[in-house]
Amino acid sequence: MKNIAIFASGSGSNAENIFNYFENKADAGVVLMLTNNADAFVLERAKKLAIESVVFSSEQLKSGELVSLLKNKSIDFIVLAGFLLKIPENLIAAFPNKIINIHPALLPKYGGKGMYGDAVHKAVVANKEKESGITIHYVNEHYDEGAIIFQAKCTVSETDTYEDVAHKIHQLEYEHFPRVIERVLAP
Ligand code: GAR
């Protein structure tokens, strides 16, 4: 059984969806949800799902304290699902090729610092893009630049608001992210 930890900074709807997907699977399961934001709704979701959660500071993340915590809890794999902070080298080194992120756009477009959640969708609409999508990728020391594992597209119509785009992207995320995680974890 592979133990998955999910990092989320906000709502955590992907975290909940991934938890549910793996709930009755024998090979892997979500055992921990972590956040840098004590007010994040993902903490409510963790409570509802009766799964352990941890709130940590950016100092704990940078200092390596989090690595010990994750190792003590026998975490095998880390999923970033709407996580805002940069992952430090010490965490990447402790979990080589074992950290993946989802980005709500077709990287390399609309990636990098500050490109998070609705900011991405607003930029996509402002630039009158005809399509957007999701990118699931390995995490390295640069924002949104690790090797791409999977992408899926959706159309953006002229009348779509950023909320419409956000909705389409979330549907793609719910459909694909758990399956891609399962595939990456497969021996
Ligand atoms: C998701 O759309 C995810 O792709 C995005 O934040 C949202 C979190 O939603 N991540 C980023 O923008 C990372 N740069 P959720 O909290 O409801 O899962």
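Conventions adopted
Residues numbered from 1 in each chain as written. Predicted model: local features only at pLDDT ≥ 70, side-chain atom pairs only at ≥ 80, totals over all residues. Heavy atoms only, no water. Salt bridge = Lys/Arg side-chain N within 4 Å of Asp/Glu carboxyl O. Helix = DSSP H or I, 4+ residues; strand = E, 2+ residues; numbered from the N terminus. Pairing = 2+ DSSP bridges. Axes fitted to C-alpha atoms, helices over the stretch in contact; angles between N-to-C directions. Core = buried A, V, L, I, M, F, W, Y, C linked by side-chain atoms within 4.5 Å. Buried < 20%, exposed > 50% of the residue type's maximum accessible area, 1.4 Å probe, protein only. Contact = heavy atoms within 4.5 Å. Near = heavy atom within 4 Å. Polar contact = N/O pair within 3.5 Å; in protein donor to acceptor, adjacent residues only side chain to side chain. Areas by Shrake-Rupley, 256 points an atom, 1.4 Å probe, with all protein chains shown as cover. Nonpolar A, V, L, I, M, F, W, Y, C, P; charged D, E, K, R; others polar. Phe/Tyr/Trp six-rings, centres within 6.5 Å; stacked < 30°, edge-to-face > 60°. Parallel < 35°, antiparallel > 145°, perpendicular 65-115°, else oblique. Left-handed = near helix turned anticlockwise from the far one by under 90°. Arc of directions from axis to C-beta.

Draft legend 1. Representation of the pattern of salt bridges. On inspection of all chains with the given rule, the structure shows 7 salt bridges. With a shortest N-O distance of 3.2 Å, K109 and E129 are connected by a salt bridge. With K109 in the loop between β5 (99-103) and α6 (118-126) and E129 in the loop between α6 and β6 (131-138), this residue pair connects regions lying 20 residues apart in the sequence. Here the residues in one salt-bridge network are E16, R45 and K48, joined through shared partners.

Draft legend 2. Region of the structure containing the sheet that holds strand β7 (residues 148-155). Read across the open sheet, the 7 strands follow the order β3-β2-β1-β4-β5-β6-β7; overall the sheet is mixed. What marks the edges here is a single partner per strand, and that holds for β3 (52-55) and β7. Across the sheet, the mean angle from the axis of one strand to that of its neighbour is 20 degrees, orientation sign disregarded. Here 4 bridges tie β5 to β6, and the two strands are oriented antiparallel to one another. Within β6, the position partnered with I100 by the bridge is Y138.

Draft legend 3. Examining the nonpolar core more closely. In terms of nonpolar packing, the biggest core is built from 38 residues, with I4, I6, M33, V79, F177 and I181 touching the most fellow members. Apart from residues lying up to four places away in sequence, I181 is in contact with I4, I18, F22, F77, V79 and I100. Counting residues in each nonpolar core, the second largest holds 20 residues, with L70, I75, I78 and I92 among its members.

Draft legend 4. Main features of the site of the ligand. The full set close to the ligand counts 13 residues, and G12, S13, N14, G117 and E173 are the nearest of them. In the environment of the ligand, a nitrogen atom lies 3.3 Å from a nitrogen or oxygen atom belonging to the side chain of H103. With the chains in place, 93% of the 450 Å² that the ligand exposes on its own is no longer accessible. Class assignment for the residues of the shell around the ligand results in 4 nonpolar, 8 polar and 1 charged.

Draft legend 5. Molecular detail of the packing of aromatic side chains. Tallying each qualifying case throughout the model produces 4 aromatic pairs. A ring pair is formed by Y21 and F22, whose centres lie 5.2 Å apart and whose planes are at 80 degrees; its orientation type is edge-to-face. F22 gets classed as buried once you look at its relative accessible area, which sits at 3%. Geometrically, the ring pair formed by F56 and F83 is tilted, given 6.0 Å between the ring centres and 45 degrees between the ring planes. Of this pair, F56 sits in the loop between β3 and α3 (58-63) while F83 is found in the loop between β4 (77-80) and α5 (89-94), placing the two residues 27 residues apart along the sequence. F83 matches F56 in its accessibility class, with the two residues each being buried. Counting every residue linked through ring pairs, the aromatic cluster contains F7, F56 and F83.

Draft legend 6. Examining the packing of α6 against helix α7 (residues 162-185) more closely. Between α6 and α7, whose axes approach to 9 Å, the crossing angle comes to 120 degrees. By the angle between their axes, α6 is oblique relative to α7. Judged by the twist between their axes, the crossing of α6 over α7 is right-handed. The residues of α7 that touch α6, namely those facing D118, H121, K122 and V125, are Y162, V165, A166 and I169. Counted by class, the contact of α6 with α7 contains 5 nonpolar, 1 polar and 2 charged residues.

Draft legend 7. Molecular detail of helix α2 (residues 42-49). Among all positions in α2, only V42, L43, R45, A46 and L49 are buried. All buried residues of α2 project into a common sector of 160 degrees when viewed along the axis, lining one side. Pointing more than 90 degrees away from the buried face of α2 are the exposed residues K47 and K48. Contacts made by the buried residues of α2 are with α1 (13-22), β2 (28-35) and β3. Where α2 ends, the next residue or the one after it, A50, has phi of about 55 degrees, a positive value.

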